[in-house]
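An overview of the molecular structure
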Amino acid sequence: MRSFKVLTVCLGNICRSPAAQGILENIATTQQLHLELDSAGTAAYHIGNPPDSRSISALRKVGIDISGQKARQVRVVDFHEFDWILAMDRANLANLRKIQPEDSSAKVVMFGEFNEQANFGEVDDPYYGGTEGFACMREHLTDIANAFVLHLNSKDNTNR
Ligand code: 4NP
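Residues numbered from 1 in each chain as written. Predicted model: local features only at pLDDT ≥ 70, side-chain atom pairs only at ≥ 80, totals over all residues. Heavy atoms only, no water.

In this model, Asn13 sits at a positive phi of 60°, which is unusual for a non-glycine residue. Position of Asn13 relative to the elements: it lies in the loop between strand E1 (2–10) and helix H1 (16–28). (Helix = DSSP H or I, 4+ residues; strand = E, 2+ residues; numbered from the N terminus.)

Structure follows, in structure tokens:
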């Protein structure tokens with residue numbers, strides 16, 4: 001079975017990237033694919049905290065439990081340990097590229113680039129909005145996650 005190490009990244013690691021991790025974990029269980037997943041934030045505000053309760057509820061509605069996750073900040077070693085580092089928006093991507101060591105092997109890309117329907121590849125930050133934003137985030141992340149797994153399973157992606 002093919003295996004990949006994947007890190008999802010947003011700003012705070014309490015809304016989007018924990019949800020993306022949970023959704024990818026859930027999709028991988030239905031595929032002939034082994035994903036080792038983690039998530040992290042570019043900022044340090046929420047280190048050690050569980051995901052935002054609105055993210056937990058949005059995911060619980062589709063049978064995915066992300067309540068056990070704990071926020072952490074991206075580390076330089078992540079760029080050597082993960083095959084893929086998936087940014088939720090352009091600011092996250094720019095911040096990741098600033099700290100990515102030149103000799104690191106991770107592919108650092110925008111998660112949304114795997115889905116052509118995505119809003120310029122960005123997953124909107126739902127933190128300052130209402131609960132409907134979290135349902136939207138879940139649906140958007142699910143579309144992108146399906147497209148990403150399709151990419152991993154595609155014949156073109158044989159180098160890892
Ligand atoms: P996330 O959302 O990056 O999707 O986890 C945010 C969480 C917290 C903050 C901003 C965005 N904050 O400013 O604390």
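Picking up where we left off.
Turning to the pattern of salt bridges, a few remarks are in order. Evaluation of the coordinates by the stated rule reveals eight salt bridges. Taking the shortest distance from any N to any O, the salt bridge between Asp125 and Arg16 comes out at 3.8 Å. Here the residue Asp125 occupies a position in the loop between strand E4 (107–110) and helix H5 (131–153), and Arg16 occupies one in helix H1, the gap between them amounting to 109 residues. Classification of Arg16 by relative accessible area gives buried; the value is 2%. With a shortest N-O distance of 3.0 Å, Asp38 and Arg72 are connected by a salt bridge. Note that Asp38 is positioned in strand E2 (residues 33–41) and Arg72 in the loop between helix H2 (53–60) and helix H3 (78–81), a separation of 34 residues in sequence. Take Asp38: its relative accessible area is 26%, and that puts it in the partly exposed class. With a relative accessible area of 11%, Arg72 lands in the buried category. (Salt bridge = Lys/Arg side-chain N within 4 Å of Asp/Glu carboxyl O. Buried < 20%, exposed > 50% of the residue type's maximum accessible area, 1.4 Å probe, protein only.)

Attention now moves to the pairing of E1. Two elements, E1 and E2, share nine bridges in a ladder whose sense is parallel. Of the residues in E2, the one forming a bridge with Val6 is Leu37. Crossover E1 to E2 through H1 is right-handed. Pairing analysis gives four bridges linking E1 to strand E3 (residues 84–87), with the strands arranged parallel. Bridge pairing in E3 links Thr8 to Leu86. (Pairing = 2+ DSSP bridges. Right-handed = clockwise from strand over helix to strand, strands pointing away.)

Running from amino to carboxyl end, H2 crosses H5 at an angle of 55°, the nearest separation of the two axes being 9 Å. In this view, H2 runs oblique relative to H5, as classed from their interaxial angle. Between H2 and H5 the crossing geometry is right-handed. For the pair H2 and H5, contact is made by Arg54, Ser55, Ala58 and Leu59 and by Thr131, Phe134, Ala135, Met137 and Arg138, respectively. (Axes fitted to C-alpha atoms, helices over the stretch in contact; angles between N-to-C directions. Parallel < 35°, antiparallel > 145°, perpendicular 65-115°, else oblique. Left-handed = near helix turned anticlockwise from the far one by under 90°. Contact = heavy atoms within 4.5 Å.)

So, on to the site of the ligand. All residues adjacent to the ligand are Cys10, Leu11, Gly12, Asn13, Ile14, Cys15, Arg16, Tyr45, His46, Asp125, Tyr127 and Tyr128. Note that an oxygen atom of the ligand is positioned 2.9 Å from one of the backbone N or O atoms of Cys15. Measuring from an oxygen atom of the ligand, one finds a side-chain N or O atom of His46 at 2.8 Å. Here the ligand loses 93% of its free accessible area of 350 Å² to cover by the protein chains. For the ligand, the cavity whose grid points lie within 2 Å of the majority of its atoms is the largest pocket. Of the residues in the shell around the ligand, the class split is seven nonpolar, three polar and two charged. (Near = heavy atom within 4 Å. Polar contact = N/O pair within 3.5 Å; in protein donor to acceptor, adjacent residues only side chain to side chain. Areas by Shrake-Rupley, 256 points an atom, 1.4 Å probe, with all protein chains shown as cover. 1 Å grid on protein atoms, 1.4 Å probe; cavity = no way out; pocket = protein on both sides within 12 Å on 5 of 7 lines; lining within 4 Å. Sits in = over half its atoms within 2 Å of the grid points. Nonpolar A, V, L, I, M, F, W, Y, C, P; charged D, E, K, R; others polar.)

None of the figures reported here should be taken as evidence of function without further support.
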